[in-house]
Amino acid sequence: MKKTSIKNQVSNLVPLGGLLALIIAFLVIGTVKDINITYGLKSVVNQSVVVAMVATGAVFIYTLGSFDISLGASTAVSALLGGIVCNATGSVAAMFLACLGVAILVSLIDSILASVLNLPVFVTTIAMLSVLNALILILISANGTGDQIAVPSAMVAGLNTIAFKIVLLAVFFAACVFVFNFTKVGRSQKFIGGNPVCAKLSGVPAKKMSIIAFVMAGCAVGLGAFLSVVYAPTLTRNTASSVGMDVIIAIAFGGMPVSGGARSRIQSAVIGAFSITFLSQIMTIFNLNSGIGQMVKSVIFILVVFIATLNQRQKMLPR
């Protein structure tokens, strides 16, 4: 038992060790290549914070043994509607509430459809992905110049700082850590992810826990959408286009099993998000184009998932 506990502790530290290794590699390679390290670190934060935010909320869904592939599109739609509201009202606060409200509404629709129709979550999120992608095109055509929606940069310039983004991420992350690790909600969701049959027989309300998980994810998407507008106030159909896949890769990079359950870790989201961004920055230093970068991340993602599940496949309980 003691050996198993030590093994689990070491396993939990591996993703953090990987992140530290990538940071060191970035600093060493950047110094050798004579790039602007300070600017590079700012780029890492700006690129990581949205993925880290959305992934932190997505952990609640993944813990249940489900996954939502519409998170990127939901982030884009929330950002676009937030930008429209901002232009209509001239209020950044109204934009923030619009981003948050739209994202939570989309998440609730996903969870309620899955619960009412008794469908797997991924089925409803596939349908939602198609709807959201169509809505992105409609919003840009109806409210933009034909290819973009521009929020006056002066309105959000005061928030486009590293300090603000880190503080917002830290506050949300702390709230999620509390809910995930120190409340009945987190324990119940891990139980459902580990063995939904046993959880049901024990009286754990699976539908309620699913709705709560999607609400948490919706809050994360709303905050991520708001930060997307703050960072890049000119919104196009490509806004947040890579967020959905980056969230999946980030959670796996962070050491969380894709099957969810008791081994789920909320910190995996942040560790994984910063890890893939440092990896992308390193590839950029070597002038590798985005296509090659995506292929490298995909290969590493498959390897990480394979290694992470290698010792768990025969331990999985019936579902």
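Note that this is a predicted model, so its numbers are computed, not measured. (Residues numbered from 1 in each chain as written. Predicted model: local features only at pLDDT ≥ 70, side-chain atom pairs only at ≥ 80, totals over all residues. Heavy atoms only, no water.)

**Some thoughts on helix α2 (residues 37–63)**
The terminal C-alpha atoms of α2 lie 36 Å apart, and with 27 residues this matches the ideal 39 Å at 1.5 Å per residue to within 8%. For α2, the principal kink sits at Ser 48 and spans about 35 degrees. The N-terminus of α2 is capped by Asn 36, whose side-chain oxygen sits 3.2 Å from the backbone nitrogen of Thr 38. Positive phi appears at Gly 65, one or two residues downstream of α2, with a value of about 85 degrees. (Helix = DSSP H or I, 4+ residues; strand = E, 2+ residues; numbered from the N terminus. Expected span 1.5 Å × (residues − 1). Bend = angle between axes of the 7 residues up to and from the residue. Polar contact = N/O pair within 3.5 Å; in protein donor to acceptor, adjacent residues only side chain to side chain.)

**Concerning helix α11 (residues 243–253)**
Among the 11 residues in α11, 10 count as buried, and that is most of the element. Every buried residue of α11 is accounted for by Val 243, Gly 244, Asp 246, Val 247, Ile 248, Ile 249, Ala 250, Ile 251, Ala 252 and Phe 253. Phi turns positive one or two residues past the end of α11, at Gly 255, with a value near 95 degrees. (Buried < 20%, exposed > 50% of the residue type's maximum accessible area, 1.4 Å probe, protein only.)

**Details of the side chain of Thr 183**
Tracing the backbone through its elements, the reader meets Thr 183 in the loop between α7 (162–182) and α8 (184–194). For Thr 183, a relative accessible area of 16% translates into the label buried. A distance of 2.4 Å separates a polar atom in the side chain of Thr 183 from the backbone oxygen of Val 179.

**Some words on the packing of aromatic side chains**
The final tally for this structure, using the stated rule, is 5 aromatic pairs. For the pair Phe 26 and Phe 278, a centre-to-centre distance of 5.5 Å together with 65 degrees between the ring planes defines the contact as edge-to-face. Of this pair, Phe 26 sits in helix α1 (residues 2–32) while Phe 278 sits in helix α12 (residues 267–285), and the two are 252 residues apart along the sequence. Across this residue pair, the class does not change: Phe 26 and Phe 278 are buried. Cluster of aromatic residues (ring-pair linked, three or more members): Phe 96, Phe 164 and Phe 226. (Phe/Tyr/Trp six-rings, centres within 6.5 Å; stacked < 30°, edge-to-face > 60°.)

**A short note on the state of the cysteines**
Disulfides are covalent bonds that connect the sulfur atoms of two cysteines. Using the criterion set out here, one finds 0 disulfides in the structure. You can see Cys 176 has no disulfide; the closest cysteine sulfur is in Cys 219, sitting 8.1 Å from it. Cys 176 gets classed as buried once you look at its relative accessible area, which sits at 0%. (Disulfide = S-S within 2.5 Å.)

**Remarks on the confidence of the model for the protein chain**
In the predicted model, the protein chain carries a mean pLDDT of 85, and the fraction of residues at 70 or more is 88%. When mean pLDDT is taken per element in the protein chain, α7 scores highest with 95 and helix α13 (residues 290–310) scores lowest with 68. (pLDDT = per-residue confidence, 0-100.)

**Topic: a nonpolar patch on the surface**
On the surface, a nonpolar cluster with roughly 910 Å² of combined accessible area is contributed by Phe 67, Leu 105, Ile 109, Ile 112, Leu 113, Val 116, Leu 117, Leu 119, Phe 122, Val 123 and Ile 126. Where the nonpolar patch is concerned, the elements lending two or more residues are α4 (92–117) and α5 (121–143). Ranked by the residues each element gives to the nonpolar patch, the list is headed by α4, at 6 residues. Relative to the elements of secondary structure, Val 116 occurs in helix α4. Judged by its relative accessible area of 60%, Val 116 falls in the exposed class. (Patch = residues over 30% accessible without salt bridge, like charges linked within 9 Å, V, L, I, M, F, W, Y side chains within 5 Å. Areas by Shrake-Rupley, 256 points an atom, 1.4 Å probe, with all protein chains shown as cover. Salt bridge = Lys/Arg side-chain N within 4 Å of Asp/Glu carboxyl O.)

**A closer look at the side chain of Asp 110**
Relative to the helices and strands, Asp 110 is located in helix α4. Buried charge without a partner: Asp 110 forms no salt bridge, and the closest opposite charge is Lys 207, 16 Å away. For Asp 110, the contacting residues outside a window of four places in its chain are Asp 68, Ser 70, Thr 124, Thr 125, Met 128 and Phe 214. (Lys, Arg positive; Asp, Glu negative; His and termini not counted. Contact = heavy atoms within 4.5 Å.)

**Considering the environment of Val 230**
Tracing the chain through its elements places Val 230 in helix α10 (residues 206–231). Relative accessible area serves as the criterion here: at 1%, Val 230 is assigned to the buried category. When the C-alpha positions of Val 230 and Gly 158 are compared, they lie 9.0 Å apart, and in sequence the two are 72 residues distant. Apart from the residues within four sequence positions on either side, Val 230 is in contact with Val 156, Leu 159 and Asn 160.

**Focus: unusual backbone geometry**
A negative phi angle is the norm for most residues apart from glycine, just as the trans form is the norm for most peptide bonds. For Asp 34, which is not glycine, the phi torsion reads 60 degrees and is therefore positive. Summarising the element assignment, Asp 34 is placed in the loop between α1 and α2. Residue Asp 34 is classed as exposed on the basis of its relative accessible area, which comes to 68%.

**Let's talk about the environment of Pro 152**
As for its placement among the helices and strands, Pro 152 is situated in the loop between β1 (149–150) and α6 (153–156). Under the relative-accessibility criterion, Pro 152 is labelled partly exposed at 38%. Spatially, the C-alpha atoms of Pro 152 and Asn 87 are 7.9 Å apart, while their sequence positions differ by 65 residues.

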